[in-house]
Amino acid sequence: MKRFAKVLLAVAGCFGLWAEPRSVDAKGLDDLISPVSNPTLFEQPQVTTEVRPIFVYHEISDQFVSAGGNAKVAALQLRVALTEDLGLIATKDGYVWLEPDSVLQKKNGWANVAFGLKYNFLRDEEFGALLSGGIRYEAGSGDKDVFQGRGDGLLNPFLSAAWVHDRLHVLAYTGGRFPISGNDTTFWDTSAHVDYQIGRFYPLIEVNWVQGLDGGRRLPIDQEGFDFFNLGARKAAGRGVVTQAYGFRYRIVDDASVWNRVGGVDFGAAYETPLTDREDLFAWRVTTDLVFWLR
């Protein structure tokens, strides 16, 4: 595993060579783990260089128009620290397998691509706090068969924060998804994460809230696609879904040396279910990933 990790860390290091490495401080701001659930939106505040393969299995709710089924997504995220405070992020891509139980046929296809910039504008090492902001653009580049590649894309301005106290780590995210055309639904998203470090093991709890602000012009329904799918539902305004996720991260490697950097590998897994009576397409979800990081 360590040899394979060094290969991927070397790839990440080639992208981030120009960013000066940070020293690890007493509050552990450079040792924060990434959130697991809501992976295409829940952005951590730290500016990092990392490669993150992700696999998601999503069970579709019986409340949804397809009357159940599942969707699977395999993706690869990339983050590159351009400077100590400025980072390039590419957080949505990959391939989708959509298998509804009825109404719709089973389809496969590519997901939209989303990328942008993140800037860390507050770093208080004494208090143990980080605050960053950024913006992403999601292009309508995917396949329509899996509800991607529709509309003219969207913009996602966001804020992300962290607070560290000893072994306790708290992360928070909030941001909007604003369509460039009126065909897609407008959303506001909020996520929170708490973990507690026990050696290399980080048990975690996360909450995600996706709220429809303005309905789209595509489908005459009141149900939406939560974080990954934008259905353009005309009656989605004022409707939202809140989910809870329980899981962990495990630090497999934390002492790899690549390009005069310290590198490591984290494995993450989380099981997620709705908290609200309203589910839309969300019955339950399992998210797994590996994070190959450098600092």
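Scroll up for the structure.
Residues numbered from 1 in each chain as written. Predicted model: local features only at pLDDT ≥ 70, side-chain atom pairs only at ≥ 80, totals over all residues. Heavy atoms only, no water.

**What to know about the overall build of the protein chain**
Next up, step 1: The helix and strand inventory of the protein chain stands at 1 helix and 14 strands.
Next up, step 2: Here the protein chain holds 295 residues, and the buried ones make up 54% of them.
Next up, step 3: Long-range pairs, those at least 24 residues apart, make up 62% of the contacts in the protein chain between residues at least 6 apart in sequence. (Helix = DSSP H or I, 4+ residues; strand = E, 2+ residues; numbered from the N terminus. Buried < 20%, exposed > 50% of the residue type's maximum accessible area, 1.4 Å probe, protein only. Contact = heavy atoms within 4.5 Å.)

**Describing unusual backbone geometry**
Next up, step 1: Positive phi outside glycine occurs at F147, with the angle close to 60 degrees.
Next up, step 2: When you line up the elements, F147 lands in the loop between β7 (129-139) and β8 (154-165).
Next up, step 3: Looking at F147, the relative accessible area reads 19%, which means it is buried.
Next up, step 4: Of note, the phi angle at D166 is positive, near 55 degrees, even though the residue is not glycine.

**Comments concerning the packing of aromatic side chains**
Next up, step 1: A full pass over the atoms with the stated rule returns 13 aromatic pairs.
Next up, step 2: Geometrically, the ring pair formed by F127 and W163 is tilted, given 6.3 Å between the ring centres and 40 degrees between the ring planes. With F127 in the loop between β6 (113-124) and β7 and W163 in strand β8, this residue pair connects regions lying 36 residues apart in the sequence.
Next up, step 3: You can call W163 partly exposed: its relative accessible area is 31%.
Next up, step 4: Put simply, the rings of F42, F158 and Y173 touch in pairs and so form one group of aromatic residues.
Next up, step 5: Just above the ring of F228 sits the side chain of K92; from NZ or CZ to the centre is 4.3 Å.
Next up, step 6: Over the ring of F158 we find R136, and its NZ or CZ is 4.7 Å from the ring centre. (Phe/Tyr/Trp six-rings, centres within 6.5 Å; stacked < 30°, edge-to-face > 60°. Lys NZ or Arg CZ within 6 Å of the ring centre and 35° of its normal.)

**Examining the pairing of strand β1 (residues 49-60)**
Next up, step 1: The sheet contact formed by β1 and strand β14 (residues 282-294) spans 10 bridges and is antiparallel. Its bridge partner lying in β14, E59 is registered against W284.
Next up, step 2: Of the pairings in the sheet, the one linking β1 to strand β2 (residues 69-81) comprises 10 bridges and is antiparallel in character. Residue pairing in the sheet places V51 in a bridge with L78 of β2. (Pairing = 2+ DSSP bridges.)

**Some points on a nonpolar patch on the surface**
Next up, step 1: On the surface, Y196, I198, F201, Y250 and I252 cluster together into a nonpolar patch covering about 440 Å² of accessible area.
Next up, step 2: Counting through the fold element by element, Y250 comes out in strand β12 (residues 240-258). (Patch = residues over 30% accessible without salt bridge, like charges linked within 9 Å, V, L, I, M, F, W, Y side chains within 5 Å. Areas by Shrake-Rupley, 256 points an atom, 1.4 Å probe, with all protein chains shown as cover. Salt bridge = Lys/Arg side-chain N within 4 Å of Asp/Glu carboxyl O.)

**Thoughts on the nonpolar core**
Next up, step 1: If you look at the biggest cluster of nonpolar residues, it comprises 24 residues, and the most contacted ones within it are V96 and F229.
Next up, step 2: Sorting the residues of this core by element identifies β1, β2 and β4 (95-100) as the ones contributing at least two each.
Next up, step 3: Setting aside residues up to four positions removed in sequence, F229 forms contacts with A71, V96, V146, F147, Q148, E224 and L281.
Next up, step 4: One finds F42, I89, F158 and L171 within the second-largest nonpolar core, a separate group that totals 11 residues. (Core = buried A, V, L, I, M, F, W, Y, C linked by side-chain atoms within 4.5 Å.)

**Some thoughts on the pattern of salt bridges**
Pairing is possible between side chains that carry opposite charge, provided their charged atoms lie close to one another.
Next up, step 1: Under the definition given, this model contains 16 salt bridges.
Next up, step 2: The salt bridge partner of R52 is D289, with a shortest N-O separation of 2.7 Å. In this pair, R52 sits in strand β1 while D289 sits in strand β14, placing the two residues 237 residues apart along the sequence.
Next up, step 3: Here R285 and D227 are joined by a salt bridge, their closest N and O atoms 2.9 Å apart. Separated by 58 residues along the polypeptide, R285 in strand β14 and D227 in the loop between β11 (201-214) and β12 bring together distant segments of the chain.

**Concerning the environment of W259**
Next up, step 1: Looking at the element boundaries, W259 is found in the loop between β12 and β13 (261-274).
Next up, step 2: Along the primary structure W259 and L294 are separated by 35 residues, whereas in three dimensions their C-alpha atoms are 9.5 Å apart.

**Considering the pairing of strand β10 (residues 186-196)**
Next up, step 1: Of the pairings in the sheet, the one linking strand β9 (residues 168-179) to β10 comprises 10 bridges and is antiparallel in character. The residue of β10 that forms the bridge with Y173 is S191.
Next up, step 2: Connecting β9 to the antiparallel partner β10 that follows it, the hairpin turn spans 6 residues.
Next up, step 3: Of the pairings in the sheet, the one linking β10 to β11 comprises 10 bridges and is antiparallel in character. Within the sheet, the bridge partner assigned to S191 lies in β11 and is N208.
Next up, step 4: Connecting β10 to the next strand, β11, in antiparallel fashion are 4 residues, including G199 with a positive phi near 65 degrees.

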